[in-house]
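Listed below, chain by chain, are the residues.
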Amino acid sequence: PSIPARMKIMTAPKNPLLAGALLMVAAMLAMTLMDATAKALQQSGLHPLQVVWARFTSQTVIVFVILSPNLRNLLRTRYPAMQFVRSVFLFGATMCFFFSLGLMEIASATAVFEIAPLLITILAFLVLKEKVGVRRWVGVGIGLCGSLLIIRPGSEVFSFVTLFPAAGAFFYGCFAVSTRFLGRGESSWTSFIYTAVFGTLVATLIVPFYWSTPSGSEIIMMSIIGGFGA
């Protein structure tokens, strides 16, 4: 079937809650692989901005290869301003977290970033007016307390670099909520295209100032990181 037809099949599972949970698990696995690749690239000597560029550019290539037959139709959006804002959120989340990977251990950065689901719950309640039960509010409260134990603001353990993954979590929370809003009346493929292209354009304007010639193995990792991001 055509891409729109396949999309309709994908978005109409028999058990949407189970499908959503499994997709979320798969997304977290892909993000973990992407972050590990980003960490490896920075450890090999590449600047975080070059890694950000690789992440979005390789994803854009994948987008155009997969969606080229219907690209013109999928570029039509009912919410151009929201697509722009959503793209800014994802770019900000990627920038902040990738920078943190160059300054912290990946486990520590990820631990701080885990406030994102809590922020998403809060933002969904405030912005999308979704219902959040007592048990979830209790879970959010416990989660925030746990995050404060990890971040330890005001202590000697706390450092400025901790703010990078925390800011990344905030941007990611805003990105997730805007994705949920757009999902009500916009093709997920359309959102997929705009975030990739926006990130590529912005990163391409910046990366020449931080460019270093990658090795063969680095080129391979720069190519696959966008696959994980996609």
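Residues numbered from 1 in each chain as written. Predicted model: local features only at pLDDT ≥ 70, side-chain atom pairs only at ≥ 80, totals over all residues. Heavy atoms only, no water.

Enquirer: Please explain the packing of aromatic side chains as it appears in this structure.
Expert: For any two aromatic rings, the description comes down to two numbers: the centre-to-centre distance and the angle of the planes. What the rule picks out here adds up to 12 aromatic pairs. Plain terms: the ring middles of Phe56 and Phe91 are 5.6 Å apart, the flat faces sit at 35° to each other, and that makes the pair tilted. Of this pair, Phe56 sits in helix α3 (residues 48-67) while Phe91 sits in helix α5 (residues 80-101); the two residues are 35 residues apart in sequence, bridging distant segments of the chain. For Phe56, a relative accessible area of 1% translates into the label buried. Between Phe113 and Tyr172 the ring centres are 5.8 Å apart and the planes differ by 50°, which places this aromatic pair in the tilted class. Taken together, the positions of Phe113 in helix α6 (residues 106-113) and Tyr172 in helix α9 (residues 163-182) put the pair 59 residues apart, joining distant regions of the chain. The exposure class assigned to Tyr172 is buried, which follows from its relative accessible area of 13%. Taken together, Phe56, Phe84, Phe91 and Phe198 form an aromatic cluster joined through their ring pairs. The ring of Phe56 carries the charged tip of Arg55 above its face, separated from the ring centre by 4.4 Å. (Phe/Tyr/Trp six-rings, centres within 6.5 Å; stacked < 30°, edge-to-face > 60°. Helix = DSSP H or I, 4+ residues; strand = E, 2+ residues; numbered from the N terminus. Buried < 20%, exposed > 50% of the residue type's maximum accessible area, 1.4 Å probe, protein only. Lys NZ or Arg CZ within 6 Å of the ring centre and 35° of its normal.)

Enquirer: Would you take a moment to explain the side chain of Ser58 for this structure?
Expert: Mapped onto the elements, Ser58 comes out in helix α3. Not counting residues within four places of it along the chain, the set of residues in contact with Ser58 comprises Met222, Ser223, Ile225 and Gly226. (Contact = heavy atoms within 4.5 Å.)

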